[in-house]
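Analysis of the macromolecular model
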Amino acid sequence: MATAAESSYRVRVVDESHVGPPRGSVSPTTIPLTFLDMVWISIGPMQRIFFYEFPDISTPHFTQNIYPNLKHSLSLTLRHFFPFAANLTCPPPPNHPYISYKEGDSVLVSVAESDYDFDHLTANQARDNNAFHQSLVPKLPTPSLLSKETHAVPTMAVQFTVFPNSGFSIGIAFNHVAADGRSLNHFVKSWASMSVTHRLGDLPCHDKDLVEDPDGIASIYLNDWRNFLKNCSAPSSADSGNGVTPPAVVPQEKVRLTLVLGRAEIEKLKQLVVAATQTQSEPAAARISTYVVTCAFVWVLWMKIQESKEGTTGGHLDDDTLSHFIAPADCRGRLGLPFPPTYFGNCLAQISGSAKRSELMGSNGIVVAAKAIGRAICKLKKGPLTGAENSLSHFIEKLKTPSLLVTVAGSPKFRVYDTDFGWGKPKKSEVGHIGHGSFSLNECRDEEGGVEIGLVIGRQQLDFFNAIIEHARAEYSMIG
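Residues numbered from 1 in each chain as written. Predicted model: local features only at pLDDT ≥ 70, side-chain atom pairs only at ≥ 80, totals over all residues. Heavy atoms only, no water.

Some details on the packing of helix α6 (residues 217–229) against helix α11 (residues 388–399)
What describes two packed helices is the angle between their axes and the distance between those same axes. Running from N to C, α6 and α11 point in directions that differ by 15 degrees, and their axes come no closer than 8 Å. Comparing their axes, α11 and α6 come out roughly parallel. Seen along the crossing, α6 lies across α11 with a hand that is right-handed. On α11, the residues that touch Ile217, Ile220, Tyr221, Asp224, Trp225 and Phe228 of α6 are Ala388, Glu389, Ser391, Leu392, Ser393, Ile396 and Leu399. When its residues are assigned to classes, the contact of α6 with α11 shows nine nonpolar, two polar and two charged. (Axes fitted to C-alpha atoms, helices over the stretch in contact; angles between N-to-C directions. Helix = DSSP H or I, 4+ residues; strand = E, 2+ residues; numbered from the N terminus. Parallel < 35°, antiparallel > 145°, perpendicular 65-115°, else oblique. Left-handed = near helix turned anticlockwise from the far one by under 90°. Contact = heavy atoms within 4.5 Å. Nonpolar A, V, L, I, M, F, W, Y, C, P; charged D, E, K, R; others polar.)

As structure tokens, then:
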């Protein structure tokens, strides 16, 4: 269990520099935002951390022997992924924000040294979430004023943190408006390849004309966010800088856990759901994938954790209160358009399912959740962007009751443990920004077909969480 002693650990910055594409390699460029980008305009920075084991490392060894190659390969990679070195430029309404790159734009890169326990941080048990959310990922630099009413927001920052005699981490913060998780994954793996082989592999596609918007959805989304933020204390990145909407703020006194479901455990979950739906004429019942049952399990788990905060009766919640599950779905292969798999930016639709509290909390809760998620995924076949003009307003409405909203970050399809900078697979990879009902999904590092679930809960809820998992172990014999 995380202890108060963790707060005494220190992270000390020892170097800061700026890394951009090689001079003259990228022409000044303005990139418009599509409506698929604009939906993320007021969401706070995304955070991804990779930990690499290196038993003999010291800070001087890192800065002298490893850091120069990482910076050089980053520069060469940014030549092709230049939006990460650019700025989100935000003019006053009614003008739309856009991404702008000019000569000299760069990524803030820092090196820090930490006396955190590396083995503890990379384990699965409860750890102080502040270490991940605040100490091991950089903050995006402060926006700069281009004029009285126009400012520029950096889109990425990188932090290397050295744990002497143990290893180091690479923490990345980036603005979601510039790219989605798949694009970030493409960038990081390209950087790793450049660092080791001096080759990038597949180049990103920056053609925003692939995204058509005849109905003006980008303007609808921008207005939806501006109207919502008029009633919020948190600023918007479209209005006053690098904003974070209230659901993105991670509060104090939280612990982070990694729950691992092995392939055998996932198969038992699938069998549970299939057995419960065999006698029902449920079209979505056939879509019982690893993703569906894992998300269903966590949705129910999160509802029970929320119930523990409200009391055993659910507090103000009644049986018909709806709980909502929302997840992004990659549209690169679903739009019926010539979208290459290397498209850089945001290309996500929304999977959205709802279920009554009484059904999720009942003995068949996982089955109910799996059916709701399965139905939502099946709707993508009918057109992933059908009703897109209303999807953001519906999401914002659900933000008003965050205790009833569960969201997902990451995907096992990203294969984060294949990110090899020359030291083999990461010992651990974490999504830093999870919290407030959001959880992360990675593939399992040590077992093909398994998944790693990242969760952030209140420290006072840890005993209750462990009791739920013990009950699941006894009931389903699935969690090792």
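Don't stop here, the text continues.
Brief notes about the environment of Thr407
Within the secondary structure, Thr407 is located in strand β15 (residues 405–409). Sequence separation between Thr407 and Ile351 is 56 residues, and the spatial gap between their C-alpha atoms is 9.8 Å. With residues near it in sequence (within four places) discarded, Thr407 still touches Ile326, Gly437, Ser438 and Phe439.

Description of the nonpolar core
Phe62, Phe84, Phe160, Phe187, Trp191, Trp299 and Phe439 are the most contacted members of the largest nonpolar core, which totals 126 residues. Here this core takes 12 residues from helix α8 (residues 290–310), the largest share from any one element. Leaving out residues up to four positions away in the same chain, Phe160 has contacts with Phe62, Tyr67, Leu70, Val109, Ser110, Val111, Ala112, Ser169, Ile170 and Trp191. Leu121, Ala131, Phe132 and Leu136 belong to the second largest nonpolar core, which has 10 residues in total. (Core = buried A, V, L, I, M, F, W, Y, C linked by side-chain atoms within 4.5 Å. Buried < 20%, exposed > 50% of the residue type's maximum accessible area, 1.4 Å probe, protein only.)

Considerations on the sheet that holds strand β7 (residues 127–128)
Taking strand neighbours across the sheet as the criterion, the seven strands line up as β7-β12-β18-β17-β15-β13-β14 in an open arrangement whose pairing is mixed. Looking at strand neighbours, the two that pair on one side only are β7 and β14 (348–356), the edges of this open sheet. In this sheet, strand β18 (residues 451–458) lies alongside strand β12 (residues 254–261) in antiparallel orientation, the contact comprising eight bridges. Residue Val260 lies in a different strand from β18, and its bridge partner there is Glu452. Packed on one face of the sheet, helix α10 (residues 365–379) meets β13 (322–330) and β14 and runs near 145 degrees to β14. (Pairing = 2+ DSSP bridges.)

What about the sheet that holds strand β5 (residues 98–101)?
Two orientations exist for strands paired in a sheet by backbone hydrogen bonds: parallel and antiparallel. Ordered in space as β2-β5-β4-β9-β8, the five strands form an open sheet in which the pairing is antiparallel. Every other strand in the sheet has two partners, leaving β2 (29–32) and β8 (144–145) as the edge strands with one partner each. In terms of strand pairing, strand β4 (residues 87–90) meets β5 through three bridges, oriented antiparallel. The residue of β5 that forms the bridge with Leu88 is Ile99.

Things to note about the packing of aromatic side chains
In total, this model carries 26 aromatic pairs according to the counting rule given. When the ring of Phe82 is compared with that of Tyr101, the centres are 6.0 Å apart and the planes differ by 65 degrees; the resulting orientation is edge-to-face. Note that Phe82 is positioned in the loop between α2 (59–78) and β4 and Tyr101 in strand β5, a separation of 19 residues in sequence. A centroid spacing of 6.0 Å and a plane angle of 35 degrees characterise the contact between Phe187 and Trp191, whose relative ring orientation is tilted. Within this pair, Phe187 and its partner Trp191 are both found in helix α5 (residues 181–197), separated by four residues, close to a single helical turn. Judged by its relative accessible area of 0%, Phe187 is buried. With relative accessibility at 0%, the residue Trp191 sits in the buried group. (Phe/Tyr/Trp six-rings, centres within 6.5 Å; stacked < 30°, edge-to-face > 60°.)

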